[in-house]
Amino acid sequence: MTTQAHFIGGQWIAGQGHDITSVDPAKNLPIWSAKSASPEQVDAAVNAARDAFVAWSDMGFEARLAIVKRFAELLEENKPALTKVIAQETGKPEWETATEVAAMIGKVAISERAYHERTGTVENPMPVGKAFIRHKAHGVVAVFGPYNFPGHLPNGHIVPALLAGNTVIFKPSDLTPLVAHKTVELWEQAGLPAGVLNLVQGEVETGKALAQHNGLDGLFFTGSSRTGKLLHEQFAGHPGKILALEMGGNNPLIVREVSDIDATVHDIVQSAFVTSGQRCTCARRLFLPATEQGDAILARLLDVTRRIRVGEYDADPQPFMGAMISAHAARMMVNAQQQLVELGAEALITLQQPDADKGFVTPGILDVTGIIERMPDEEHFGPLLKVVRYSDFDAAIKEANNTSFGLSAGLLADSEADYQYFFKRIRAGIVNWNRPITGASSAAPFGGIGDSGNHRASAYYAADYCAYPVASVELDASEMPGSLNPGLDFS
Ligand SMILES: NC(=O)C1=CN([C@@H]2O[C@H](COP(=O)(O)OP(=O)(O)OC[C@H]3O[C@@H](n4cnc5c(N)ncnc54)[C@H](O)[C@@H]3O)[C@@H](O)[C@H]2O)C=CC1
Ligand SMILES: O=C(O)CCC(=O)N[C@@H](CCC(=O)O)C(=O)O
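What you see is a predicted model; the values in this text were computed from it and never measured.

**Regarding the overall build of the protein chain**
- Scanning the protein chain from terminus to terminus reveals 14 helices and 21 strands.
- On the principal axes, the C-alpha backbone points of the protein chain span a range of 90 × 60 × 40 Å.
- Across the 491 residues that make up the protein chain, the buried fraction comes to 50%.
- For the protein chain, restricting intrachain contacts to residue pairs at least 6 apart in sequence, the fraction spanning at least 24 positions comes to 72%.

Structure (structure tokens):
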């Protein structure tokens with residue numbers, strides 16, 4: 001369907017690797033297929049980015065910004081088409097993919113602000129001359145994207161990287177090549193000079209060839225903790241290269257005494273099941289008090305969850321949840337649930353895959369209170385919520401922190417004192433109170449601790465890893481000091 005799948009040095013070219021196909025997971029139809037980029041083509045993409053670097057970084061911020069702003073205009077003009085393509089390739093409902101395109105557009109103004117605020121130029125007077133703090137681009141960087149937000153999340157690395165003056169090789173998820181293709185076409189139309197942004201499509205082999213390439217100055221990754229750790233090992237011994245890792249989570253949501261049960265249940269549903277549970281910020285573990293009110297919240301949660309509409313991305317009326325990314329991913333969720341049930345979890349609502357050839361699953365809720373000590377600390381990347389009933393707030397917080405991850409966490413409670421207590425003790429990069437723990441703002445730093453990242457927060461702080469600071473003291477011409485250090489003689 002697509003022969004010229006790779007964009008290298010300003011040219012669309014055919015791949016020399018093996019066949020890859022992207023499938024619409026809601027309709028089980030192939031929508032894109034091509035040959036992946038071979039290691040030689042990855043090499044060509046890195047060289048093209050290297051060749052383009054000096055001119056792009058010399059161009060000046062305002063000239064780069066004008067092109068990036070043109071890209072935002074093109075996104076706006078192509079919003080309906082891109083909304084549709086993201087929905088087709090991911091299975092996410094169109095109401096949701098429209099918000100993804102909006103986030104891509106919003107990223108440009110936010111990144112412009114962040115560039116100045118986080119990496120701007122500072123000038124300080126000195127007794128002799130002036131001191132400056134400036135920032136320079138790293139050079140050639142690779143961007144690896146995940147499938148769950150195939151537009152917005154790579155865009156969150158690419159836009160600030162380009163604004164800072166880097167050149168980029170983009171390797172999207174092999175599950176979402178079409179979204180990447182359409183996005184890079186818009187960059188081309190926006191007038192990016194050849195080689196400034198290159199696209200290589202492929203699976204792990206292509207990813208490895210890129211990540212291992214000696215010509216990279218940095219790599220910005222959003223994806224699973226497993227792959228992120230592999231990259232971290234690969235980058236060990238290369239302190240000169242910048243590595244930014246945005247990875248998964250095993251995120252806790254704790255409920256205390258609340259006055260509005262429906263509002264609480266809404267926040268739980270939005271945290272656990274939006275995007276069919278395929279957000280790194282999704283709540284995986286729900287801590288409910290073992291009280292009468294806890295019982296009432298659970299009953300209402302089960303009632304609302306049973307009535308969640310699951311359906312095709314273009315259905316009218318729209319579903320809340322679309323298909324997962326693939327039939328395989330759906331099967332993996334069924335298997336994960338089965339393993340937990342075999343460990344002793346009680347299925348309050350069983351997650352089901354109605355059609356083995358498609359990515360649809362219904363949301364599931366397990367009571368894992370009885371197996372809490374044997375629970376694997378894993379990110380189950382789908383709509384499967386694990387409920388823990390608790391009697392003691394401290395014990396619940398301790399268990400919430402009992403994870404190697406630390407991305408997002410939340411408290412649903414009327415008491416502000418409870419929130420202050422929770423905030424001080426919980427370990428995560430995103431901590432919310434009476435709001436869903438999904439839907440993080442691009443205008444704030446976005447990143448986690450532990451296995452969720454490597455302390456290179458993205459979103460508003462992405463500017464930080466896109467440039468390095470340079471400190472200078474400067475004077476128009478050398479001057480003799482008023483007094484000499486002891487032992488010097490200029491007579
Ligand atoms: N913290 C965050 O900002 C976010 C984290 N995620 C996480 O991403 C995961 C889902 O996304 P996936 O696409 O499944 O992640 P993934 O880790 O499978 O793939 C991410 C990218 O790495 C590439 N890749 C895979 N193995 C590689 C290797 N050995 N060497 C080089 N490249 C390789 C893939 O082709 C893809 O482009 C979830 O774990 C989720 O929590 C997703 C979105 C945001
Ligand atoms: O990167 C940004 O601009 C903000 C972070 C963001 O959009 N987070 C989303 C998705 C995260 C995910 O799954 O990967 C969220 O918090 O829902």
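**Some details on the environment of valine 470**
- Along the chain, valine 470 turns up in strand E21 (residues 467-474).
- Judged by local crowding, valine 470 falls into the exposed class, with 11 C-beta atoms found within 10 Å.
- Sequence separation between valine 470 and histidine 135 is 335 residues, and the spatial gap between their C-alpha atoms is 5.6 Å.

**Thoughts on the site of ligand 1**
- What surrounds ligand 1 is a group of 27 residues, the closest being Pro146, Gly207, Gly223, Glu246 and Gly248.
- The set of elements that each furnish at least two residues to the shell around ligand 1 consists of helix H7 (204-211) and helix H8 (225-235).
- When residues in the shell around ligand 1 are grouped by element, the largest group, 4 residues, is from H7.
- Here the shell around ligand 1 is composed, by residue class, of 12 nonpolar, 9 polar and 6 charged.

**So, the UniProt feature "domain: Aldehyde dehydrogenase" (unreviewed entry) in the protein chain**
- In this structure's numbering, the residues bearing the UniProt feature "domain: Aldehyde dehydrogenase" (unreviewed entry) are residues 12-464.
- Here residues 12-464 is 41% helix and 20% strand, with 32 Å between the C-alpha atoms at its ends.

**Points about the site of ligand 2**
- Near ligand 2 lie 15 residues; those nearest to it are Arg279, Thr281, Ala440, Ser442 and Ala459.
- Put simply, the parts of the chain that give the shell around ligand 2 at least two residues each are helix H5 (152-164) and strand E20 (458-459).
- Residue classes in the shell around ligand 2 are distributed as 6 nonpolar, 8 polar and 1 charged.

**Some remarks on the UniProt feature "active site" (unreviewed entry) in the protein chain**
- Under the UniProt annotation, the feature "active site" (unreviewed entry) is placed at Glu246 and Cys280. For the annotated residues, spread through 35 residues, the largest C-alpha to C-alpha distance comes to 9.1 Å, consistent with a single compact locus.
- Along the chain, glutamate 246 falls in strand E11 (residues 242-246).
- A residue is classified by how many C-beta atoms lie within 10 Å of it, and glutamate 246, with 28 of them, is buried.
- On the basis of neighbour counts, which here come to 29 C-beta atoms within 10 Å, the residue cysteine 280 falls in the buried class.

**As for helix H11 (residues 327-343)**
- For H11, spanning 17 residues, the distance from its first C-alpha to its last is 25 Å, which sits close to the expected 24 Å at 1.5 Å a residue.
- Here H11 has its buried residues at Ala327, Ala329, Ala330, Met333, Gln337 and Leu340.
- As for H11, its buried residues are in contact with strand E15 (364-367) and strand E16 (384-390).
- Backbone geometry just downstream of H11 places glycine 344 in the positive-phi region, at approximately 120°.

**So, the nonpolar core**
- The biggest cluster of nonpolar side chains holds 134 residues, and the ones touching the most others in it are Val168 and Leu219.
- By residue number, the principal contributor to this core is helix H1 (residues 39-58), which donates 8 residues.
- Residues contacting leucine 219, with those up to four places away along its chain left out, are Val141, Ala142, Phe144, Ala211, Leu231 and Leu243.

**Let's talk about the pairing of strand E3 (residues 19-24)**
- Looking at chain direction, E3 and strand E4 (residues 29-35) are connected through 6 bridges and run antiparallel. The residue of E4 that forms the bridge with valine 23 is proline 30.
- Remark: 4 residues form the turn of the hairpin made by E3 and E4, two consecutive strands paired antiparallel; asparagine 28 in that turn has positive phi of roughly 50°.

**Considerations on the pairing of strand E5 (residues 122-125)**
- Bridge count for E5 against strand E6 (residues 130-137) is 4 bridges, and the pairing is antiparallel. Residue pairing in the sheet places valine 122 in a bridge with isoleucine 133 of E6.
- Linking two consecutive strands that pair antiparallel, namely E5 and E6, is a turn of 4 residues; a positive phi of about 80° is found at glycine 129 within it.

**Regarding the packing of helix H3 (residues 79-90) against helix H4 (residues 94-119)**
- Put simply, H3 and H4 touch, their axes get as near as 8 Å, and they point 120° apart. On the basis of the axis angle, H3 is oblique to H4. The handedness of the crossing between H3 and H4 comes out as right-handed. Here Lys79, Leu82, Thr83, Lys84, Ile86 and Ala87 of H3 lie close against H4, whose contacting residues are Glu94, Thr97, Ala98, Glu100 and Val101.
- Partitioning the contact of H3 with H4 into residue classes produces 5 nonpolar, 2 polar and 4 charged.

**Observations regarding the sheet that holds strand E13 (residues 283-289)**
- Across the sheet, 7 strands lie side by side as E14-E15-E16-E13-E12-E17-E18; this open sheet has mixed pairing. Across the chains shown, the open sheet's two edge strands, defined by having one partner strand only, are strand E14 (346-349) and strand E18 (430-433). Across the sheet, the mean angle from the axis of one strand to that of its neighbour is 25°, orientation sign disregarded.
- Alignment of strand E12 (residues 251-255) against E13, held across 4 bridges, turns out to be parallel.

**Details of the sheet that holds E21**
- In space, the 3 strands of this open sheet follow the order E5-E6-E21, with antiparallel pairing throughout. The open sheet has two edge strands, E5 and E21, and neither has a second partner. The sheet shows a mean angle of 20° between the axes of neighbouring strands, direction not considered.

Cut-off values and rules
Residues numbered from 1 in each chain as written. Chains lettered and ligands numbered in written order. Predicted model: local features only at pLDDT ≥ 70, side-chain atom pairs only at ≥ 80, totals over all residues. Helix = DSSP H or I, 4+ residues; strand = E, 2+ residues; numbered from the N terminus. Buried ≥ 20, exposed ≤ 12 C-beta atoms within 10 Å, placed from the backbone. Contact = placed C-beta atoms within 7 Å. Near = placed C-beta within 6 Å. Nonpolar A, V, L, I, M, F, W, Y, C, P; charged D, E, K, R; others polar. UniProt positions renumbered as here; feature names shortened; annotations may be inferred. Expected span 1.5 Å × (residues − 1). Core = buried A, V, L, I, M, F, W, Y, C linked by C-beta atoms within 7 Å. Pairing = 2+ DSSP bridges. Axes fitted to C-alpha atoms, helices over the stretch in contact; angles between N-to-C directions. Parallel < 35°, antiparallel > 145°, perpendicular 65-115°, else oblique. Left-handed = near helix turned anticlockwise from the far one by under 90°.

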